[in-house]
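# Structural features, examined
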Amino acid sequence: MKLVKGTTPPGASSEQEAAAYVRGMFGRVARRYDLLNHLLSFQTDRYWRFRTTLEVEPFLRRRGARVLDLCCGTGDLTLALEKRASGDALIAGGDFCRPMLAEAQRKQRRRAAHIEWIECDGLRLPFPDNSLDLATLAFGFRNFANYRAALAELRRVLKPGGMLAILEFSTPPNPLIRALYRFYSQTLLPALGGWISGDRGAYTYLPDSVRKFPGAEMLAAEMEAAGFTRVRFRRMTFGIVALHTGLSG
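A brief structural summary. (Residues numbered from 1 in each chain as written. Predicted model: local features only at pLDDT ≥ 70, side-chain atom pairs only at ≥ 80, totals over all residues. Heavy atoms only, no water.)

### Thoughts on the overall build of the protein chain
This is how the line gets drawn: By the criteria applied, helices consist of DSSP H or I runs no shorter than four residues and strands consist of E runs no shorter than two, each listed in order from the N terminus. Each radius of gyration is computed over the set of C-alpha atoms, and the globule rule expresses the reference value as 2.2 Å times the number of residues to the power 0.38. Residue exposure (1.4 Å probe, protein chains only): buried if accessible area is under 20% of the type maximum, exposed if over 50%, otherwise partly exposed. Residues are treated as being in contact if the distance between any of their heavy atoms lies within 4.5 Å. Working definition of accessibility: Shrake-Rupley area with a 1.4 Å probe, residue cover restricted to the visible protein chains. Within this scheme the basic residues Lys and Arg register as positive and the acidic residues Asp and Glu register as negative, but His and the chain ends are omitted. Note that the charge is assigned to NZ on lysines, CZ on arginines, CG on aspartates and CD on glutamates.
Along its length, the protein chain carries 9 helices and 7 strands. Expected size for 249 residues packed as a compact globule is a radius of gyration near 18 Å; at 17 Å, the protein chain falls within 12% of this value. Referenced to the eigenvectors of the C-alpha coordinate spread, the extents of the protein chain come out at roughly 45 × 40 × 35 Å. Out of the 249 residues in the protein chain, the part that is buried amounts to 55%. In the protein chain, 73% of the contacts between residues at least 6 apart in sequence involve partners at least 24 apart. Split by element, the accessible area of the protein chain, about 11500 Å² in all, is 55% carbon and sulfur. Of the side chains in the protein chain, 36 bear a positive and 24 a negative charge, and the two mean positions are spaced by 4 Å.

### Observations regarding the pairing of strand 4 (residues 132-138)
Filter applied, for reference: Think of it this way: DSSP has to see at least two bridges between two strands before they count as a pair. With the strands pointing away from the viewer, any crossover whose connection runs clockwise from the first strand over the helix to the second is right-handed.
With 7 of 7 residues buried, strand 4 lies mostly within the body of the structure. Relative to strand 4, strand 1 (residues 66-70) runs parallel, the two sharing 4 bridges. Its bridge partner lying in strand 4, V67 is registered against L134. With 6 bridges joining them, strand 4 and strand 5 (residues 158-169) adopt parallel strand pairing. Among the inter-strand pairings, L137 is bridged to a residue of strand 5, identified as I166. Considered for its hand, the β-α-β crossover made up of strand 4, helix 6 (residues 147-157) and strand 5 is right-handed.

### Digging into the sheet that holds strand 3 (residues 116-119)
Working definition: the strands of a sheet are paired by backbone hydrogen bonds and lie parallel or antiparallel to each other. What counts is decided by this rule: Under this scheme, a helix contributes an axis fitted over its contacting stretch, all axes are lines through C-alpha atoms, and angles between N-to-C directions fall in the 0 to 180 degree range.
Taken in spatial order, the 7 strands of this open sheet run 3-2-1-4-5-7-6, and their pairing is mixed. Both edges of this open sheet fall to strand 3 and strand 6 (228-236), since each of them pairs with a single strand only. The average angle at which neighbouring strand axes cross in this sheet is 15°, direction not considered. Against the sheet, helix 3 (residues 44-60) contacts strand 1, strand 2 (90-95), strand 4, strand 5, strand 6 and strand 7 (241-248), and its axis sits at roughly 175° relative to strand 5.

### Examining empty space enclosed by the protein
Put simply, the test is: Buried and open spaces are told apart on a 1 Å grid over the protein atoms alone, a cavity being a set of points where a 1.4 Å probe fits but cannot get out and a pocket being an open set with protein on both sides within 12 Å along at least five of seven lines. Residues with an atom within 4 Å of a point are the lining residues. Grid points are joined across faces, edges and corners, and a volume is the space filled by probe spheres set on the points. Here the term charged refers only to Asp, Glu, Lys and Arg, the term nonpolar to Ala, Val, Leu, Ile, Met, Phe, Trp, Tyr, Cys and Pro, and the term polar to all other amino acids, Gly among them.
Taken as a whole, this structure holds 2 cavities of 30 Å³ or more when the rule is applied. When its volume is computed, the largest cavity comes out at roughly 60 Å³. Lining of the largest cavity is provided by 11 residues; of these, T7, T8, Y147, S209 and K212 occupy positions nearest its centre. The element contributing the most residues to the lining of the largest cavity is helix 8 (residues 200-212), with 4 residues. As a volume, the second largest cavity reaches approximately 40 Å³. Considering the residues around the second largest cavity, the lining is formed by E168, F169, S170, F213, P214, G215, A216, L219, A242 and H244. If you list the elements that add at least two residues to the lining of the second largest cavity, you get strand 5, helix 9 (216-225) and strand 7. By residue class, the composition of the lining of the second largest cavity is 6 nonpolar, 3 polar and 1 charged.

Have a look at this one:
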């Protein structure tokens, strides 16, 4: 499967229009986003994030680690990273959707976590070159308007030997699982998500974006082409999601 340039929401004819669509869509569903994530994944999203934190823990434990959780949404992964990080680590959660960040800040106040929240564009990150030990993205990479530009920008801000970890939906390799997942994501998920959130369009776009996103092998190849080394991926839950990791060269 050839890598498409970036997300292609309905009616968007440019990267700017695609980004505006995604920002507005997530803003509309922010208040119910966590409920729907847990419900529609049957709570499996908690396990996926747990496995991600285990994979990146050596980088979180570095002395003075500098960590960015990009496309942080309502902050579930950011908070999990902060819990495992060294005491002097600096953890930032970045997202370009303000209502999502507002939800993340509410969680932070309840849990007394030390996190800096940054409203930022993932294609123009407000960090110097070679400044981060770790960058993570959970279920946000496929929503970028330009995938290759996003990888290049992430490599720019990572220190040599820093890690990029991308947790993203993928295409199950087993034909039966793939067919069942397609039925669920394209039929049941929009109906349930639309009913609970009040925005059927958002929960029609989300499974459609998964369908258009390249398979795990293609994303790994693109990470290598962007200059990441020791790239590998781990499929989880029958290949519904994949965790990609790579080091900045």
